[in-house]
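Each chain, letter by letter, is given below.
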Amino acid sequence: MSQSNNESEKICKIISNMISPYRYTYSNYKRTIKKDDDNTQNDRTPFHKDYDRIIFSNSFRRLSKKTQVHPLSKNDHVHNRMTHSLETASVGRSLGIHAGKFLLEKCQKNNEKIPYTPYDIATIVQTACLAHDIGNPPFGHAGEEVIRDWFKNCDNKNDNKKYLESLKEEEKKDFLSFDGNAQSIRIVCSIEHNEFVGMRLTFPTIASMIKYPWNSSSSLNTNNKFSFFKSESKLIHEIFEKLGLVKEDDRLVRHPFSYLTEMADDICYGLLDLQDAVELEILTIDELKNIFKNLCGQEDYTRILNDSNLNILQKISKMVAYSINNLVQHVSFIFEENFLRIAEEEIKDLFSIFKDGALIDGLKEAKSIAKSKIFNERRKIQLEIGAYNVIDKMLDNFIPMAYEFHEKGNLDKLSFKNKRLMSLMGIDSPKENDSLYTKYQKVLDYIVGMTDNYATFIAHQMIGMGY
C-alpha cells in the first residue's frame, strides 16, 4: 500500500468516528445516546439542527446585549458578543468547507462512502463557533474576573469562609477558576431546554467547542485553562468516548475541528477589536499600517489605503476582509498538511505551526497593540470597575441566599430578603434537594445569563438606586 493510500485510510477512519451524529435523548427519567441519522422528514442534516437550536435559543439571543470588549458602548457599530459570535461562525464555516473538501476527498480515494458533504462539516465548525461564547457573563472577561475574585475573597473574609468550607476541593475549583467557555458547555449540555441533556446537540458539535479537554480540577489545568466543570465531566467523557477521542490512559483528546473553532475565534477578535478601536477613535489607521501590510500584503494594503472613494472606516473594513481571507487560506493549508499530527495531538494549536512569516508577525502585532492600547483604554477601565461592583453586589446577595436555603432546607424558614431573592430567580432558583454545589451553580447560571443592562438594573435595585 502506498504512503498516500495509507494516509487516506487513516484519515477516513478518524473522520468516520469523529463526525458520527450521536446526540443525547431523554425520556422516562433516563438519558440515552441515539444516532441521529433519520433525515426522511426534512432536508436538515443533524448538524443543521444543531445550528438552528443555537440560533433560536434564549442564551444566544441575550448575547446581543453582552460585552465583547467595550462595555455598554453607545456606538451601535461596535461589536457585542453576538456580532462577534456570528462573525466567528462565518470564518469557521469557511474553514470547515475547506477542511470538509479535503477530508471527504481522502475518503473517496479510499473508496469509503461518508454520508455527508463538506457543507455538513462546515456546519459543525460554524455551530461550534456560534456557541463558543454563549456562556460568557455580563461585561465579558471582566465579569469572569469578578466571579473568580468573589469566591477567592471568601477565604479573606471571616464572615464568608463558611460559604466554601463544606464544598469538595474539585467543587470549589469550579468557582475559584470560573470560566465563560466552560459555562458555554454547561449551557448546551445541562441548562438550555433540558437540565439533563441541554440542547441535545450532536457530539461532534459539542466536542468541536472544547479547546482544553479537561475540567477545572484536572492536573492538566494550568493557568486556569479548562473547558468544562465537574458537573459536566461525565457527559463530556461519554461524548468523547463515543467519538473515539479517549486514550488508553483515559485522557481525552481534542477533536480536530476544535482547532478550527479556536483559529476562527483568534482571527476575529485579533482583527475586529482593531476595527472597533478605529471606530471609537482609540487607534488611527496609521498606527495599524504594519499589521495590515503583513496581513493584506503590501500591494493590496497600498491600493486600499490610496482609494479616494473610501472613507477611513470603509478602508479599515476592507483591510480586515482581505486579512481574514488570507488567514483562512493559510489556516486551511496548515490544517490539511498537518491533519494526522493534529488528530494525534502532536501540536498545541494551528498558529504555532504557521509558515507564513508575514501572517505570523501581523497577528502577533495585532494582539500586542490590542493588549497595550485597547484593553487599557481609559473609558473601558472605568466601565469595568463599575461592572465589578455590579456583579460583586449580586454575588453578595445571591450566594448567602443559596447558603441559607441549604442550611435551613426549607423555603419557609428563609429571611424575608432571601425569600424575595428566590422569587426573583423564579424557575431558575435552587431546589431543596440540590447540593450546595448545585445551588451555587444555579446562582451563577442566573447571573451569567443576564445581559449587561439587566445586571446593572438588578444591582441598582439591590442598593436602592432603582426607585
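Residues numbered from 1 in each chain as written. Predicted model: local features only at pLDDT ≥ 70, side-chain atom pairs only at ≥ 80, totals over all residues. Heavy atoms only, no water.

Caption draft 1: View of the pairing of strand β1 (residues 22-27). Relative to strand β2 (residues 30-35), β1 runs antiparallel, the two being bridged by 6 bridges. Looking across to β2, one finds that S27 is bridged to K30. (Pairing = 2+ DSSP bridges. Helix = DSSP H or I, 4+ residues; strand = E, 2+ residues; numbered from the N terminus.)

Caption draft 2: Focus on the layout of surface pockets. For the second largest pocket, the calculated volume is near 960 Å³. Along its surface, the second largest pocket is lined by 34 residues, and R186, S190, I191, D428 and D445 are the ones closest to its centre. Per-element tally for the lining of the second largest pocket: the top contributor is helix α20 (residues 436-448), with 7 residues. (1 Å grid on protein atoms, 1.4 Å probe; cavity = no way out; pocket = protein on both sides within 12 Å on 5 of 7 lines; lining within 4 Å. Points joined across faces, edges and corners; volume = space filled by probe spheres on them.)

Caption draft 3: Molecular detail of helix α5 (residues 118-131). End to end, α5 covers 20 Å across 14 residues, agreeing with the expected 20 Å (1.5 Å per residue, within 8%). Counting buried positions along α5 yields 13 of 14 residues, so the element is predominantly enclosed. (Expected span 1.5 Å × (residues − 1). Buried < 20%, exposed > 50% of the residue type's maximum accessible area, 1.4 Å probe, protein only.)

Caption draft 4: How the structure looks around unusual backbone geometry. Phi angles above zero are rare outside glycine, and R200 is one such case at about 55°. With respect to the helices, strands and loops of the structure, R200 is situated in the loop between α9 (180-191) and α10 (203-208). One non-glycine residue, N224, lies in positive phi territory at about 55°. Inspection of the secondary structure assignment puts N224 in the loop between α10 and α11 (233-242). What makes N224 partly exposed here is its relative accessible area of 26%.

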